[in-house]
Amino acid sequence: MSDSGIEGPDAMDDEFDTMPRWTVEAIESLGASHAIPAACRGSGNPAALTWLADMMNLGETTELVDVGAGMGGAAEYAALTRGTSVLLVEPMLGACRAATQLFGRATVAASGTDLPLADGGVDAVWSLGVLCSSADQLRMLEEMRRVTRPGGAVGLLVYIKTVADLPEQPDGNEFPTRGELIDLVRRAGLHVGEIADLPDFDGPPQVWQQQAQAVDDLVAREHRDDRRWQVADTQQSTMGHLIGDGLVLGMLLSLTP
Ligand SMILES: C[S@@+](CC[C@H](N)C(=O)[O-])C[C@H]1O[C@@H](n2cnc3c(N)ncnc32)[C@H](O)[C@@H]1O
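All values derive from a computational prediction rather than experimental measurement.

1. Considerations on the overall build of the protein chain
- The helix and strand inventory of the protein chain stands at 9 helices and 7 strands.
- Over its C-alpha atoms the protein chain spans a radius of gyration of 17 Å, differing by no more than 12% from the 18 Å that the globule rule assigns to 257 residues.
- Judged by the C-alpha coordinates and their principal axes, the protein chain covers about 50 × 40 × 35 Å.
- Scored against the burial criterion, the 257 residues of the protein chain give a buried share of 53%.
- Considering only contacts within the protein chain whose residues lie at least 6 apart along the sequence, 75% involve residues at least 24 apart.
- Put simply, the protein chain has 17 plus and 38 minus side-chain charges, and the middle of one group is 3 Å from the middle of the other.

Set out below in structure tokens:
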């Protein structure tokens with residue numbers, strides 16, 4: 001159990017708690033236009049987010065809960081492009097504070113395995129790049145189903161492994177195979193609608209990539225001598241290698257309860 005209170009190694013604190021604090025400082029220095037690109041971690045592809053939002057019918061009258069919202073970039077993208085009301089749920093206090101400072105949306109500090117929400121009370125729930133870092137993946141999916149109203153929508157971006165054994169993986173992560181994920185989703189009582197793979201979508205526009213990179217570069221310049229930056233960087237590099245080698249890929253699913 002790490003300092004954040006969720007199960008997981010300290011490396012996850014460095015990546016998901018400390019880095020968001022430094023990221024906000026960098027965004028404040030570079031300008032607010034950098035906020036959404038730099039605050040999308042794991043979900044940083046507008047084309048894929050748009051596809052998922054379409055599949056989930058997100059609109060002005062929808063209330064969306066973002067489970068494991070991180071710094072809130074993806075939720076903000078939905079709010080700005082769809083007029084959707086958003087509630088962010090995120091266990092790491094550093095990320096919660098970062099999201100509040102950047103976007104000022106409603107944010108709750110909680111784990112996706114124990115959502116502080118009533119049964120069947122929300123229109124739509126999504127969770128992007130989170131499931132692989134949850135200590136209890138089935139429980140998180142069951143919680144997402146529990147809080148979604150009948151007729152509502154559930155969306156996932158899950159990083160899956162394409163081979164049985166990975167040569168390395170970031171601390172605290174456990175990637176299901178495609179088959180294991182579909183099985184988990186069904187066991188959680190969710191019905192599979194549309195599926196897409198992240199590599200099928202165009203990558204982020206150049207300006208988006210440049211803004212995210214500028215923030216990362218500034219954080220690195222300020223903090224690369226700090227052990228916590230080095231640990232977080234190793235986590236992110238490991239993930240980058242796995243994705244680059246095609247051993248891990250992002251899978252998008254639109255589901256119904
Ligand atoms: C790769 S980041 C993705 C953040 C955000 N969804 C995005 O796409 O930018 C993974 C996030 O999952 C969060 N997380 C880890 N375990 C969690 C849990 N049990 N419940 C909810 N969120 C969790 C981490 O704190 C981190 O913010």
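Let's pick the thread back up.
2. A short note on the packing of helix H3 (residues 46–55) against helix H4 (residues 73–82)
- In contact at an axis separation of 11 Å, H3 and H4 are set at 65 degrees when each is read in the N-to-C sense. H3 and H4 meet at a crossing whose hand is right-handed. Residues Pro46, Leu49, Thr50, Ala53 and Asp54 of H3 lie in contact with H4, whose contacting residues are Ala74, Tyr77 and Arg82.
- Looking at the contact of H3 with H4 residue by residue, the class counts come to 5 nonpolar, 1 polar and 2 charged.

3. Some remarks on the sheet that holds strand E5 (residues 148–161)
- The 7 strands are arranged E3-E2-E1-E4-E5-E7-E6 in an open sheet whose pairing can be described as mixed. Two strands close off the open sheet at either side, each with one partner strand: strand E3 (106–108) and strand E6 (191–197). Neighbour-to-neighbour, the strand axes of the sheet open up by a mean angle of 20 degrees, direction not taken into account.

4. Things to note about helix H7 (residues 178–187)
- Those residues of H7 that sit buried are Leu181, Ile182, Leu184 and Val185. An end-on view of H7 places all buried positions within 160 degrees of arc, on one side of the element. Relative to its buried face, H7 has exposed residues pointing more than 90 degrees away, namely Arg186 and Arg187.
- Summarising the contacts, the buried residues of H7 are in contact with helix H6 (137–147), E5, E6 and strand E7 (248–256).
- With its phi angle positive at about 85 degrees, Gly189 sits one or two positions after the end of H7.

5. Description of the pairing of strand E4 (residues 122–128)
- Counting buried residues in E4 gives 6 out of 7 residues, a clear majority hidden from the surface.
- Where strand E1 (residues 63–67) and E4 come together, 3 bridges link them in parallel fashion. Counterpart to Leu64 in the pairing with E4 is Ala124.
- Inspection of the sheet shows E4 paired to E5 by 6 bridges, in the parallel sense. Bridge pairing in E5 links Leu128 to Leu157.
- After leaving E4, the chain enters H6 and then returns to the sheet as E5, a path that is right-handed.

6. Focus on H4
- Counting buried residues along H4, 8 of its 10 residues qualify, which places the element largely inside the surrounding structure.
- By the burial criterion, the buried members of H4 are Gly73, Ala74, Ala75, Glu76, Tyr77, Ala78, Ala79 and Arg82.
- Looking one or two residues beyond H4, the residue adopting positive phi is Gly83, at roughly 75 degrees.

7. A few points about the site of the ligand
- As a structural note, the neighbourhood of the ligand is formed by 19 residues, with Arg41, Ser43, Gly68, Glu90 and Gly112 the closest of them.
- One of the side-chain nitrogen or oxygen atoms of Glu90 is found 2.6 Å away from an oxygen atom of the ligand.
- Surface burial for the ligand is 94%, taken as the share of its 590 Å² of free accessible area covered by protein chains.
- Of the residues contributing to the shell around the ligand, the split by class is 10 nonpolar, 7 polar and 2 charged.

8. With respect to the state of the cysteines
- One pass over the full model with this rule turns up 0 disulfides.
- Residue Cys40 stays outside any disulfide, its sulfur separated by 16 Å from that of Cys132, the closest cysteine.
- When its relative accessible area of 7% is taken as the criterion, Cys40 is described as buried.
- On the basis of relative accessible area, Cys132 is assigned to the buried category, the value being 4%.

9. Here we look at the confidence of the model for the protein chain
- Summarising the model, the protein chain shows a mean pLDDT of 94, and 96% of its residues fall at 70 or more.
- Segment residues 1–7: pLDDT under 50, and 16 contacts once partners within four positions in sequence are set aside and those in other chains are kept.

10. Concerning the pattern of salt bridges
- The tally for this structure, following the rule as stated, stands at 11 salt bridges.
- Linking Glu76 and Arg105 is a salt bridge whose minimum nitrogen-to-oxygen distance equals 2.8 Å. Highlighted residues: Glu76 in helix H4 and Arg105 in the loop between helix H5 (93–103) and E3, separated in sequence by 29 residues.
- When the shortest N-O distance is used, the salt bridge between Arg139 and Asp114 registers 3.7 Å. Placement of Arg139 in helix H6 and of Asp114 in the loop between E3 and E4 is noted, with a sequence separation of 25 residues between them.
- Connected through salt bridges with shared partners, the residues Asp119, Glu143 and Arg146 form a single ionic network.

Thresholds applied
- Residues numbered from 1 in each chain as written.
- Predicted model: local features only at pLDDT ≥ 70, side-chain atom pairs only at ≥ 80, totals over all residues.
- Heavy atoms only, no water.
- Helix = DSSP H or I, 4+ residues; strand = E, 2+ residues; numbered from the N terminus.
- Rg over C-alpha atoms; globule rule 2.2 N^0.38 Å.
- Buried < 20%, exposed > 50% of the residue type's maximum accessible area, 1.4 Å probe, protein only.
- Contact = heavy atoms within 4.5 Å.
- Lys, Arg positive; Asp, Glu negative; His and termini not counted.
- Charge placed at Lys NZ, Arg CZ, Asp CG, Glu CD.
- Axes fitted to C-alpha atoms, helices over the stretch in contact; angles between N-to-C directions.
- Left-handed = near helix turned anticlockwise from the far one by under 90°.
- Nonpolar A, V, L, I, M, F, W, Y, C, P; charged D, E, K, R; others polar.
- Pairing = 2+ DSSP bridges.
- Arc of directions from axis to C-beta.
- Right-handed = clockwise from strand over helix to strand, strands pointing away.
- Near = heavy atom within 4 Å.
- Polar contact = N/O pair within 3.5 Å; in protein donor to acceptor, adjacent residues only side chain to side chain.
- Areas by Shrake-Rupley, 256 points an atom, 1.4 Å probe, with all protein chains shown as cover.
- Disulfide = S-S within 2.5 Å.
- pLDDT = per-residue confidence, 0-100.
- Salt bridge = Lys/Arg side-chain N within 4 Å of Asp/Glu carboxyl O.

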